[in-house]
Amino acid sequence: METHRCIIIEDEPLAMERTKIFVDKVPFLQLVAIFDNALEGLTFLREKPVDILFLDINMDELSGIELLESSSISCQVIITTAFPEYALKGYELDVTDYLLKPFSFPRFLQAADKARGRLAAPAKTMDYLFVKTENRLEKISIADILFIEGMRDYRRIHTRTKRIMTLQTFGELERVLPPARVCRVHKSYMVGLANIEAVERSRIVIADKRIPISDTYRQAFFSLINPT
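Report on the accompanying structure. This is a predicted model, so every value here is computed, not measured.

Thresholds, definitions, all that
- Residues numbered from 1 in each chain as written.
- Predicted model: local features only at pLDDT ≥ 70, side-chain atom pairs only at ≥ 80, totals over all residues.
- Heavy atoms only, no water.
- Helix = DSSP H or I, 4+ residues; strand = E, 2+ residues; numbered from the N terminus.
- Contact = heavy atoms within 4.5 Å.
- Disulfide = S-S within 2.5 Å.
- Pairing = 2+ DSSP bridges.
- Axes fitted to C-alpha atoms, helices over the stretch in contact; angles between N-to-C directions.
- Core = buried A, V, L, I, M, F, W, Y, C linked by side-chain atoms within 4.5 Å.
- Buried < 20%, exposed > 50% of the residue type's maximum accessible area, 1.4 Å probe, protein only.
- Polar contact = N/O pair within 3.5 Å; in protein donor to acceptor, adjacent residues only side chain to side chain.
- Salt bridge = Lys/Arg side-chain N within 4 Å of Asp/Glu carboxyl O.
- Patch = residues over 30% accessible without salt bridge, like charges linked within 9 Å, V, L, I, M, F, W, Y side chains within 5 Å.
- Areas by Shrake-Rupley, 256 points an atom, 1.4 Å probe, with all protein chains shown as cover.
- Lys, Arg positive; Asp, Glu negative; His and termini not counted.
- Charge placed at Lys NZ, Arg CZ, Asp CG, Glu CD.

We now examine the environment of L173. Structurally, L173 can be placed in helix α6 (residues 170–176). Counting along the chain gives 114 residues from L173 to M59, while the straight-line C-alpha distance between them is 24 Å. When residues no more than four places from it in sequence are discounted, the contact partners of L173 are I148, R155, Q168 and M190.

Right, dumping it as C-alpha coordinates:
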(Lines give C-alpha, C1' and ligand atoms only; values in the text may rest on other atoms or scores of the structure.)
Protein backbone atom coordinates (compact mmCIF):
# COMPACT_ATOMS: atom_id res chain seq x y z
CA MET A 1 0.00 0.00 0.00
CA GLU A 2 1.28 3.43 -0.94
CA THR A 3 1.78 5.70 2.05
CA HIS A 4 1.39 9.47 2.09
CA ARG A 5 3.62 11.76 4.12
CA CYS A 6 1.74 14.15 6.38
CA ILE A 7 2.32 16.77 9.05
CA ILE A 8 0.18 18.30 11.79
CA ILE A 9 0.16 22.02 12.59
CA GLU A 10 -1.83 22.41 15.80
CA ASP A 11 -1.24 24.55 18.91
CA GLU A 12 -3.70 22.83 21.26
CA PRO A 13 -1.90 19.93 23.02
CA LEU A 14 -4.99 17.74 23.44
CA ALA A 15 -6.15 18.27 19.86
CA MET A 16 -2.60 17.67 18.63
CA GLU A 17 -2.41 14.35 20.48
CA ARG A 18 -5.86 13.29 19.28
CA THR A 19 -4.98 14.00 15.63
CA LYS A 20 -1.66 12.15 16.04
CA ILE A 21 -3.46 9.08 17.44
CA PHE A 22 -5.88 9.11 14.50
CA VAL A 23 -3.03 9.45 11.97
CA ASP A 24 -1.21 6.51 13.53
CA LYS A 25 -4.34 4.36 13.07
CA VAL A 26 -4.49 4.91 9.30
CA PRO A 27 -2.18 2.53 7.37
CA PHE A 28 -1.68 4.83 4.39
CA LEU A 29 -0.61 7.86 6.49
CA GLN A 30 2.99 8.45 7.55
CA LEU A 31 3.41 11.22 10.13
CA VAL A 32 6.73 12.98 9.56
CA ALA A 33 6.45 16.07 11.79
CA ILE A 34 4.26 17.98 14.24
CA PHE A 35 4.37 21.75 14.82
CA ASP A 36 2.61 23.96 17.35
CA ASN A 37 2.88 27.11 15.22
CA ALA A 38 2.29 27.86 11.56
CA LEU A 39 5.60 29.64 10.91
CA GLU A 40 7.69 26.60 11.81
CA GLY A 41 5.37 24.38 9.82
CA LEU A 42 5.63 26.64 6.78
CA THR A 43 9.44 26.57 6.96
CA PHE A 44 9.32 22.76 6.99
CA LEU A 45 6.92 22.64 4.03
CA ARG A 46 9.21 24.83 1.94
CA GLU A 47 12.15 22.51 2.58
CA LYS A 48 10.45 19.11 2.68
CA PRO A 49 7.14 18.90 0.78
CA VAL A 50 4.52 16.47 2.08
CA ASP A 51 1.29 14.99 0.71
CA ILE A 52 -1.23 15.95 3.40
CA LEU A 53 -1.37 18.78 5.94
CA PHE A 54 -3.67 18.70 8.99
CA LEU A 55 -4.01 22.39 9.82
CA ASP A 56 -5.58 24.18 12.77
CA ILE A 57 -6.97 27.67 12.12
CA ASN A 58 -6.71 29.68 15.34
CA MET A 59 -3.01 30.03 16.17
CA ASP A 60 -0.81 32.85 17.39
CA GLU A 61 1.47 34.86 15.05
CA LEU A 62 0.11 33.28 11.85
CA SER A 63 -3.30 31.62 11.60
CA GLY A 64 -4.04 28.63 9.40
CA ILE A 65 -6.10 30.79 7.04
CA GLU A 66 -3.32 33.38 6.81
CA LEU A 67 -0.83 30.61 6.01
CA LEU A 68 -3.00 29.37 3.14
CA GLU A 69 -3.66 32.87 1.81
CA SER A 70 -0.03 34.00 1.86
CA SER A 71 1.84 30.86 0.79
CA SER A 72 1.85 28.31 -1.99
CA ILE A 73 0.77 25.04 -0.37
CA SER A 74 0.71 22.28 -2.96
CA CYS A 75 -0.30 19.40 -0.67
CA GLN A 76 -3.79 18.33 0.33
CA VAL A 77 -5.00 20.48 3.24
CA ILE A 78 -7.44 19.20 5.87
CA ILE A 79 -8.54 21.95 8.25
CA THR A 80 -9.18 21.03 11.88
CA THR A 81 -11.00 23.67 13.93
CA ALA A 82 -13.65 24.32 16.55
CA PHE A 83 -15.07 27.23 14.54
CA PRO A 84 -17.65 26.41 11.83
CA GLU A 85 -17.73 30.01 10.54
CA TYR A 86 -14.48 29.43 8.62
CA ALA A 87 -15.98 26.70 6.44
CA LEU A 88 -16.83 29.06 3.57
CA LYS A 89 -13.31 30.50 3.58
CA GLY A 90 -11.92 26.98 3.51
CA TYR A 91 -14.06 26.23 0.47
CA GLU A 92 -12.78 29.38 -1.27
CA LEU A 93 -9.21 28.23 -0.58
CA ASP A 94 -9.99 24.79 -2.05
CA VAL A 95 -9.06 22.80 1.06
CA THR A 96 -9.59 19.05 0.83
CA ASP A 97 -11.87 18.79 3.86
CA TYR A 98 -13.02 20.67 6.96
CA LEU A 99 -13.06 18.78 10.27
CA LEU A 100 -15.02 20.40 13.07
CA LYS A 101 -13.65 19.60 16.53
CA PRO A 102 -14.23 17.32 18.28
CA PHE A 103 -14.31 15.02 15.25
CA SER A 104 -14.63 11.24 15.40
CA PHE A 105 -12.21 8.74 13.92
CA PRO A 106 -14.66 7.68 11.16
CA ARG A 107 -15.02 11.33 10.13
CA PHE A 108 -11.22 11.74 10.22
CA LEU A 109 -10.77 8.62 8.08
CA GLN A 110 -13.30 9.97 5.58
CA ALA A 111 -11.23 13.16 5.21
CA ALA A 112 -7.96 11.24 4.91
CA ASP A 113 -9.48 8.95 2.28
CA LYS A 114 -10.70 11.98 0.32
CA ALA A 115 -7.16 13.38 0.34
CA ARG A 116 -5.78 10.02 -0.83
CA GLY A 117 -8.29 10.02 -3.69
CA ARG A 118 -7.23 13.48 -4.80
CA LEU A 119 -3.57 12.48 -4.70
CA ALA A 120 -4.28 9.43 -6.85
CA ALA A 121 -6.28 11.39 -9.44
CA PRO A 122 -4.39 12.46 -12.56
CA ALA A 123 -3.35 16.09 -12.52
CA LYS A 124 -5.51 18.40 -14.58
CA THR A 125 -3.77 20.57 -17.12
CA MET A 126 -5.53 23.79 -18.02
CA ASP A 127 -4.50 26.57 -20.37
CA TYR A 128 -6.60 29.21 -18.67
CA LEU A 129 -8.02 30.33 -15.35
CA PHE A 130 -10.90 32.45 -14.14
CA VAL A 131 -10.02 35.39 -11.90
CA LYS A 132 -12.49 37.13 -9.60
CA THR A 133 -12.79 40.84 -10.36
CA GLU A 134 -15.19 43.28 -8.71
CA ASN A 135 -18.34 42.05 -10.40
CA ARG A 136 -17.47 39.07 -12.60
CA LEU A 137 -15.09 36.20 -13.35
CA GLU A 138 -12.51 37.14 -15.97
CA LYS A 139 -11.03 34.39 -18.17
CA ILE A 140 -7.26 34.64 -18.66
CA SER A 141 -5.02 32.53 -20.88
CA ILE A 142 -2.04 31.36 -18.84
CA ALA A 143 0.25 31.82 -21.85
CA ASP A 144 -0.73 35.51 -21.97
CA ILE A 145 0.32 36.32 -18.40
CA LEU A 146 3.33 38.64 -18.36
CA PHE A 147 3.52 39.25 -14.62
CA ILE A 148 1.38 39.76 -11.54
CA GLU A 149 2.15 42.52 -9.06
CA GLY A 150 0.86 43.16 -5.56
CA MET A 151 -0.75 46.52 -4.89
CA ARG A 152 -1.78 46.63 -1.21
CA ASP A 153 -5.04 44.65 -1.02
CA TYR A 154 -5.11 43.99 -4.78
CA ARG A 155 -3.17 41.97 -7.31
CA ARG A 156 -2.80 43.43 -10.83
CA ILE A 157 -2.45 40.80 -13.56
CA HIS A 158 -0.63 42.09 -16.63
CA THR A 159 -1.32 40.11 -19.80
CA ARG A 160 -0.44 40.69 -23.44
CA THR A 161 -3.81 42.34 -24.08
CA LYS A 162 -5.16 43.70 -20.78
CA ARG A 163 -4.67 44.43 -17.09
CA ILE A 164 -6.95 42.93 -14.47
CA MET A 165 -7.34 43.91 -10.82
CA THR A 166 -8.34 41.20 -8.34
CA LEU A 167 -8.62 40.76 -4.58
CA GLN A 168 -7.38 37.17 -4.87
CA THR A 169 -4.21 36.71 -2.84
CA PHE A 170 -0.88 35.48 -4.14
CA GLY A 171 -1.46 32.28 -2.21
CA GLU A 172 -4.76 31.68 -4.00
CA LEU A 173 -3.22 32.43 -7.40
CA GLU A 174 -0.25 30.14 -6.73
CA ARG A 175 -2.61 27.25 -6.01
CA VAL A 176 -4.29 27.49 -9.42
CA LEU A 177 -1.34 28.53 -11.60
CA PRO A 178 1.18 25.87 -12.71
CA PRO A 179 4.54 26.88 -11.12
CA ALA A 180 6.44 25.71 -14.21
CA ARG A 181 4.65 28.43 -16.19
CA VAL A 182 3.89 31.25 -13.73
CA CYS A 183 6.06 31.39 -10.62
CA ARG A 184 6.59 33.59 -7.57
CA VAL A 185 9.86 35.54 -7.60
CA HIS A 186 9.22 38.16 -4.91
CA LYS A 187 6.70 38.82 -2.16
CA SER A 188 5.05 41.29 -4.55
CA TYR A 189 5.54 39.59 -7.93
CA MET A 190 4.84 36.50 -10.01
CA VAL A 191 6.11 36.15 -13.58
CA GLY A 192 5.12 34.24 -16.71
CA LEU A 193 8.27 32.27 -17.54
CA ALA A 194 7.56 32.06 -21.29
CA ASN A 195 7.38 35.85 -21.53
CA ILE A 196 10.71 36.63 -19.85
CA GLU A 197 12.94 38.65 -22.18
CA ALA A 198 16.08 38.61 -20.04
CA VAL A 199 17.44 38.13 -16.53
CA GLU A 200 19.85 40.80 -15.30
CA ARG A 201 21.49 39.68 -12.05
CA SER A 202 18.62 40.06 -9.57
CA ARG A 203 16.06 41.43 -11.99
CA ILE A 204 13.76 39.95 -14.62
CA VAL A 205 12.91 41.90 -17.76
CA ILE A 206 9.37 41.49 -19.11
CA ALA A 207 7.71 44.00 -21.46
CA ASP A 208 10.15 46.76 -20.43
CA LYS A 209 9.38 46.11 -16.75
CA ARG A 210 12.23 45.15 -14.41
CA ILE A 211 11.04 42.83 -11.68
CA PRO A 212 13.16 42.05 -8.60
CA ILE A 213 14.09 38.51 -7.56
CA SER A 214 14.17 38.12 -3.78
CA ASP A 215 16.43 35.71 -1.90
CA THR A 216 13.40 33.70 -0.73
CA TYR A 217 12.48 32.67 -4.27
CA ARG A 218 15.85 32.87 -6.04
CA GLN A 219 16.83 29.18 -5.93
CA ALA A 220 13.41 27.91 -7.03
CA PHE A 221 13.26 30.44 -9.88
CA PHE A 222 16.69 29.66 -11.30
CA SER A 223 16.04 25.91 -11.03
CA LEU A 224 13.01 26.43 -13.28
CA ILE A 225 14.74 28.46 -15.97
CA ASN A 226 18.00 26.51 -15.81
CA PRO A 227 17.22 22.99 -14.51
CA THR A 228 20.55 21.38 -15.50
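Now, onward.
Attention shifts here to the state of the cysteines. This model, assessed by the stated rule, comprises zero disulfides. Free cysteine: C75, not disulfide-bonded; nearest cysteine sulfur from C6 at 9.8 Å.

Let us now look at the sheet that holds strand β1 (residues 4–9). Note on sheets: strands pair through backbone hydrogen bonds, and any given pair is parallel or antiparallel. Pairing is parallel in the open sheet, where five strands are placed in the order β2-β1-β3-β4-β5. The sheet terminates laterally at β2 (29–35) and β5 (97–100), the two strands that pair on one side only. Within the sheet, the average angular offset between the axes of one strand and its neighbour, ignoring direction, is 20°. The sheet strands contacting helix α1 (residues 13–25) are β1, β2 and β3 (52–56), and the helix crosses β2 at an angle near 165°.

Turning to the sheet that holds strand β13 (residues 198–200), a few remarks are in order. Read across the open sheet, the three strands follow the order β13-β14-β15; overall the sheet is antiparallel. The open sheet terminates on both sides in strands that have one partner only, identified here as β13 and β15 (209–212). The sheet shows a mean angle of 30° between the axes of neighbouring strands, direction not considered. Note: β13 against strand β14 (residues 203–206), three bridges, orientation antiparallel. Looking across to β14, one finds that V199 is bridged to I204.

In terms of nonpolar packing, the biggest core is built from 24 residues, with I7, I9, L53, L68 and I73 touching the most fellow members. Listed by contribution, the elements that provide at least two residues to this core are β1, β2, α2 (38–47), β3, α3 (64–70) and β4 (76–81). Of all the elements, α2 adds the most residues to this core, at four residues. Once you skip the residues sitting within four places of it in the chain, L53 turns out to touch I7, I9, L45, I73, C75, Q76, V77 and I78. Counting 16 residues, the second-largest nonpolar core is a separate cluster that includes F22, V23, F108 and A112.

Below, the discussion takes up the environment of E138. Relative to the helices and strands, E138 is located in strand β7 (residues 137–141). Sequence separation of E138 and T166 is 28 residues, and the distance between their C-alpha atoms is 9.6 Å. The residues touching E138, leaving out its near neighbours within four places in the chain, are L129, F130, V131, T133, K162 and I164. Here R136 takes part through its side chain, which lies 3.0 Å from a polar atom of the side chain of E138.

Right, let's get into the pattern of salt bridges. All chains considered together, the criterion is met by 14 salt bridges. For E10, the salt bridge identified is with K101, shortest N-O distance 2.9 Å. Of the two residues, E10 sits in the loop between β1 and α1 while K101 sits in the loop between β5 and α5 (105–120), which places them 91 residues apart along the sequence. Residue classification places K101 among the buried residues on the basis of a relative accessible area of 17%. Where salt bridges share partners, they join E10, E12, D56 and K101 into one cluster.

Looking at the element boundaries, T80 is found in strand β4. Judged by its relative accessible area of 1%, T80 falls in the buried class.

There is a patch of like negative charges on the surface, built from D36, E40, D60 and E61. In this structure, E61 sits in the loop between β3 and α3.

Our next topic: unusual backbone geometry. Most peptide bonds are trans, and most residues other than glycine sit at a negative phi. Here the residue pair K101 and P102 is connected by a cis peptide bond, since its omega of -5° sits within 30 degrees of zero. By the secondary structure assignment, P102 is in the loop between β5 and α5. Despite not being glycine, R201 shows a phi value in the positive range, around 55°. Looking at the secondary structure, you find R201 in the loop between β13 and β14. Owing to a relative accessible area of 79%, R201 belongs among the exposed residues under this scheme. Its identity as a non-glycine residue notwithstanding, A207 has a phi of 50°, on the positive side. Mapping A207 onto the fold places it in the loop between β14 and β15.

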